[in-house]
Amino acid sequence: MKITRVTSHVLQYDLPEELGYSQQFYARRTAHLVEVETDEGVTGWGECFGPGNVALANKGIVERVIQPMVIGDDPMDRDVTWHKVYNLLRDHGQKGMPLQALSGVDIALWDIAGKVAGLPLHKLIGGAHRTRVPAYGYGMMLKRESLEDHIARFADEAAGILGMGFRSVKMKVGLGPKADVKLCEAVAAAVAGRGRFMVDANRCYTTSDAFHVGRALEELGAYWFEEPVAPEDLDGYRELRTGLKVNISGGEAEFNRWGWRQILENRGLDIAQPEVCALGGISEYLRVLALAHAHFTPVVNHVWGSAIAVATNLQLLAAMPAMPGGLNPCEPMLEFDTTHNAFRDELLSEPLNIQDQVKSGNGYVNVPDRPGLGVEPDAEFVRHYEVAC
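The rules behind these values
Residues numbered from 1 in each chain as written. Predicted model: local features only at pLDDT ≥ 70, side-chain atom pairs only at ≥ 80, totals over all residues. Heavy atoms only, no water. Helix = DSSP H or I, 4+ residues; strand = E, 2+ residues; numbered from the N terminus. Rg over C-alpha atoms; globule rule 2.2 N^0.38 Å. Buried < 20%, exposed > 50% of the residue type's maximum accessible area, 1.4 Å probe, protein only. Contact = heavy atoms within 4.5 Å. Areas by Shrake-Rupley, 256 points an atom, 1.4 Å probe, with all protein chains shown as cover. Core = buried A, V, L, I, M, F, W, Y, C linked by side-chain atoms within 4.5 Å. Phe/Tyr/Trp six-rings, centres within 6.5 Å; stacked < 30°, edge-to-face > 60°. Lys NZ or Arg CZ within 6 Å of the ring centre and 35° of its normal. Expected span 1.5 Å × (residues − 1). Polar contact = N/O pair within 3.5 Å; in protein donor to acceptor, adjacent residues only side chain to side chain.

Participant: Give me the overall build of the protein: which residues, what numbers.
Facilitator: For the protein, the count of helices and strands is 15 helices and 11 strands. The C-alpha atoms of the protein give a radius of gyration of 20 Å, which matches the 21 Å a tight globule of 389 residues would have. Taken over the C-alpha atoms alone, the protein extends approximately 60 × 45 × 40 Å along its principal axes. Each of the 389 residues in the protein was classed as buried or not, and the buried ones make up 58%. A separation of at least 24 residues holds for 73% of the contacts in the protein among residues at least 6 apart in sequence. On the protein, roughly 15300 Å² of surface is accessible, and the fraction owed to carbon and sulfur atoms is 50%.

Participant: Describe the nonpolar core, and please don't skip the residues or the numbers.
Facilitator: The biggest cluster of nonpolar side chains holds 123 residues, and the ones touching the most others in it are M171, F197 and F225. Other than its neighbours up to four places away in sequence, F197 contacts V169, M171, C184, V187, A188, V191, L217, L220, G221, A222, Y223 and W224.

Participant: Kindly report on unusual backbone geometry, identifying the contributing residues and their values.
Facilitator: Omega for the peptide link from M323 to P324 comes to -5°, which places this bond in the cis form. Relative to the elements of secondary structure, P324 occurs in the loop between α12 (307-319) and β10 (334-337). Backbone geometry at R203 places phi at a positive 60°, although glycine is not the residue there. With phi around 40°, E227 is a residue other than glycine that occupies positive phi space. Overall, E227 belongs to the buried group, its relative accessible area being 1%.

Participant: Please provide a residue-by-residue account of the packing of aromatic side chains, values included.
Facilitator: Taken as a whole and judged by the stated rule, the model has 13 aromatic pairs. Taken together, a centroid distance of 5.5 Å and an interplanar angle of 85° make the contact between F343 and Y385 edge-to-face. Taken together, the positions of F343 in helix α13 (residues 342-345) and Y385 in helix α15 (residues 379-385) put the pair 42 residues apart, joining distant regions of the chain. Judged by relative accessible area, F343 falls into the buried class, the value being 1%. Its relative accessible area of 21% is what places Y385 among the partly exposed residues. Cluster of aromatic residues (ring-pair linked, three or more members): Y13, F343, F381 and Y385. Over the ring of F25 we find R144; its NZ or CZ atom is 4.2 Å from the centre of that ring. Residue placement shows R287 over the ring face of W82; its charged tip is 5.2 Å from the ring centre.

Participant: Please provide a residue-by-residue account of helix α6 (residues 177-191), values included.
Facilitator: An ideal rise of 1.5 Å per residue puts 21 Å on 15 residues; α6 measures up with 21 Å between its terminal C-alpha atoms. Those residues of α6 that are buried are in contact with α5 (147-163), β5 (168-172), β6 (196-200) and α7 (207-220). Positive phi shows up at G193, right after α6, with a value of about 75°.

Participant: I'd like a rundown of α12, residues and numbers included.
Facilitator: Compared with the 18 Å implied by 1.5 Å per residue over 13 residues, the 18 Å span of α12 between its first and last C-alpha is a close match. Counting buried positions along α12 yields 13 of 13 residues, so the element is predominantly enclosed. One side-chain oxygen of the residue at the start of α12 lies 3.0 Å from the amide nitrogen of I308, identifying that residue as S306.

Purely spatial values, then, with no claim about function.
As structure tokens, then:
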């Protein structure tokens, strides 16, 4: 079997309303899918992390840089292909967009392997530690509105997400430390006695400001404080983890095993959040997972994107050992964006129906058991939303 073609599909549409987080506002939803075809008619699908113009730039890397390197390769030799591509791109970036582009190709090769073997991805990895995964809902995005309007809306949204069946909610912050504490107080009150809440700063604080917010989160009972400072600030992460009782989480902006080795040896995270569609794909994710568990650090995957990303993460979460183990282990969770996302809800020929599963399954989502990722995009849907470039 040989790889005959690698195609990058960048999909976009205008959101019903503008959304924001601590770094920017955005009005379009983007998904970047990768399709790998073979001479035996088996096709695999993957996804690259990165919105908007980043996705368009990554399309060039996938089709014009990586594709010529892998045409003619046996898709079953995915680790050989991974290292060949990484080594050839090493002079041009060991992190960032080259790794995002490689991630989509690698995930597609794993999808092909599962289809050839007739097994779901979790079986190729070693089996399912669980056949269903608890999900948490995130929303409460920033908008161009007053603090008072943010507070009222965040409280309503937090209650609404719990009403959907999710047991935990995650909010955004980024209005400034004092205003953010007020937002967190509103959400804590809305979920009190009904579930947990987590706070995602998207790296908007200095270490001192992160301590100010983090101490408030301790009192409010937040489960984790995500990306409080810049990903490069390893000392800041370590200081925060040492000085705060709330769990410090992060890592979505880190790439490959060498970057993750630095984070984990630094002991700055209570919870690691690798992004499989960015760090180098499934092949590299499994190495990062092993590193995290070797450092006794639990993993809760970062999930952003289309139904391909969601299906990939469901497979990986199924195959993840509990850390730590025991009679009542702390289970990994599926991150689920509750804002409008047609690329997650309408992309597949057979939708995952996550929201329905969460509602009927007491907060849990079933792991797909068909071969490969267990899902297939609808070709007409892809054509309809694909950006011409």
